[in-house]
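Structural overview for review
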Amino acid sequence: MAQAIPTASIDVPASREIGRLRSDTPGPTLIAVAAIHGNERAGIEAARRVLRTLARREGLIRGELVAFAGNLAAARVNQRYIARDLNRAWAEEHVDEVMRKAPADRDAEDKEQLELLSAVEEAKARARGTVHLIDMHTTSASGIPFVLFGDTLRQRRFVCELPLTIVMGLEEQVDGVLSAFFTRRGCVTCAVEGGQHTDPTSVDNLEAALLLAAESAGIFGSGLLAETAAAHALLERRRGHLPRVMEVISRHAITPEDKFEMVPGFANLDRAHADQLLARDRNGPIRAPRAGMVILPLYQGQGSDGFFWGREVSSARLRASEAIRHLELDKFLHLLPGVERDPTHPSRFFVHTRVARLYPLDVFHMFGYRRIREGDEVLTVERQPG
Ligand SMILES: [Zn+2]
């Protein structure tokens, strides 16, 4: 590991591409995205370090590792974004709308988005194997690094190689994230939260995560690089006593009018006991409904997620859900009373809550259906295909 440096002193790259290493030997592609939130610079330096490490071992490398800055304009002014959050902008309809806009009507993030999209698409077009994408973030609260991903079996296998705490069901809580967009376009993706924005150790965490992601993607053979042992040890150490796998149950969405304020002192993943005071807003105190996990508490002005609420997942439960998904028993979910398959979308169900009120959503969680949207007496539950 290189010497820890303050993240504020990390140079923002002059152009979108931070660096690229392409082997003559065909193989997988790993695309790393850093600073899609402009104030999260740690990933830029982490990508530079991993590119340097792998450049020294070029003979062992196959395929390609390429790193891009996500929101260059916001990174230059060290803000999360200029006009709007670039990591909430990747619904297909929105991307189409941005592409149709006249250039003069495009805001700062529209331009960033189109450039980033074409850079990633070019990397995909020249790929000679499976394309992986890792999106690197940091958080406003302090805490351990962790990984989140859309719950497909392919993506589970990719992230399970990383010795990071896994938070399931978080990506599905938020619409329009980059990683989900590229999962729909055939990539194997995940996002890593590396620690607190200005903490120099966040760079080390993201460096370790990116190096191990390159190994997991197959950019170099498993165990071939001596540096991976140190990366493993670092991430194991950071996890401490927190569970290996947890899942999100709900999202506490906020608007500026809510005057939401998180109680100080929560880490980005933290245990809470039943009835513990978590936050306050204009309606009064917000307490933990039961013992569980607080995930990504908001300690900065910008953002629409107050916090997420979750719980620990046992490894037995994880194995069980993998086994039943291999059997594809979800073919039969529509036979449950009040449950209907969307005829236009094979991975989406409608649950009529008047009839099916008593079904635990756990049944859907087991099959990876973690994207849940509430409508009038109907829940829409969905997962990524695959
Ligand atoms: Zn972020």
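These numbers were taken from a predicted model, which means no experiment stands behind them.

With that settled, the discussion passes to the overall build of the protein. A count of helices and strands for the protein gives 11 helices and 18 strands. Split into buried and exposed, the 386 residues of the protein put 44% on the buried side. The contacts in the protein between residues at least 6 apart in sequence include a share of 72% that link residues at least 24 apart.

Read from one edge to the other, the open sheet built from 11 strands follows the order S1-S3-S2-S4-S7-S5-S6-S8-S14-S13-S10, with strand pairing classed as mixed. Both outer strands of the open sheet, strand S1 (17-22) and strand S10 (269-272), are each paired with one neighbouring strand and no more. Taking each pair of neighbouring strands and ignoring which way they run, the sheet shows an average axis angle of 25 degrees. Pairing geometry for strand S2 (residues 29-34) and strand S4 (residues 131-139), over 6 bridges, is parallel. If you follow Val33 over to S4, its bridge partner there is Asp135. Each of S4, strand S5 (146-149), strand S6 (165-168) and strand S7 (188-196) is contacted by helix H5 (residues 153-160), which is oriented at about 40 degrees to S7, the strand it contacts most.

With that settled, consider helix H8 (residues 227-239). Here H8 is 13 residues long and its end C-alpha atoms lie 19 Å apart, about the 18 Å a rise of 1.5 Å per residue gives. The set of residues buried in H8 consists of Ala231, Leu235 and Arg238. The buried residues of H8 all sit within an arc of 60 degrees when viewed along its axis, so they share a single face. Away from its buried face, by an angle of more than 90 degrees, H8 presents the exposed residues Ala229, Ala233, Glu236 and Arg237. Where the residues of H8 are buried, they touch helix H7 (201-217). Gly240 sits one or two positions beyond H8 and adopts a positive phi of about 55 degrees.

Another point: the domain arrangement of the protein. By the assigned domains, the protein splits into domain 1 (7-239), domain 2 (248-312) and domain 3 (332-382). The C-alpha centroid of domain 3 is placed 26 Å from the C-alpha centroid of domain 2.

With their axes 8 Å apart at the nearest point, helix H1 (residues 42-55) and H7 run at an angle of 50 degrees to one another. With respect to H7, the axis of H1 lies oblique. Crossing of H1 over H7 shows right-handed handedness. When H1 is examined against H7, the residues Ala42, Gly43, Glu45, Ala46, Ala47, Arg49, Val50, Thr53 and Leu54 are found in contact with a partner set consisting of Ser202, Val203, Leu206, Glu207, Leu210, Leu211 and Ala214. The residue makeup of the contact of H1 with H7, split by class, is 10 nonpolar, 3 polar and 3 charged.

Turning to the sheet that holds strand S18 (residues 378-382), a few remarks are in order. As summarised here, the arrangement of the 4 strands in space is S15-S16-S18-S17, forming an open sheet in which the pairing is antiparallel. Each having just a single partner strand, strand S15 (339-341) and strand S17 (371-374) make up the two edges of the open sheet. Strand after strand, the sheet turns through a mean of 25 degrees between neighbouring axes, direction not considered. Two elements, S17 and S18, share 4 bridges in a ladder whose sense is antiparallel. Residue pairing in the sheet places Ile372 in a bridge with Val381 of S18.

A few words now on the packing of H7 against H8. Where H7 contacts H8, the two axes come as close as 9 Å, and the packing angle between them is 125 degrees. As the angle between them shows, H7 and H8 are arranged oblique. Along this stretch, H7 crosses H8, giving a crossing that reads as left-handed. Between H7 and H8, the contacting residues are Asp204, Asn205, Ala208, Ala209, Leu211, Leu212 and Glu215 on the first element and Glu227, Thr228, Ala231, His232, Leu234, Leu235 and Arg238 on the second.

Definitions and cut-offs
Residues numbered from 1 in each chain as written. Predicted model: local features only at pLDDT ≥ 70, side-chain atom pairs only at ≥ 80, totals over all residues. Helix = DSSP H or I, 4+ residues; strand = E, 2+ residues; numbered from the N terminus. Buried ≥ 20, exposed ≤ 12 C-beta atoms within 10 Å, placed from the backbone. Contact = placed C-beta atoms within 7 Å. Pairing = 2+ DSSP bridges. Axes fitted to C-alpha atoms, helices over the stretch in contact; angles between N-to-C directions. Expected span 1.5 Å × (residues − 1). Arc of directions from axis to C-beta. Domains from an automatic or database assignment. Parallel < 35°, antiparallel > 145°, perpendicular 65-115°, else oblique. Left-handed = near helix turned anticlockwise from the far one by under 90°. Nonpolar A, V, L, I, M, F, W, Y, C, P; charged D, E, K, R; others polar.

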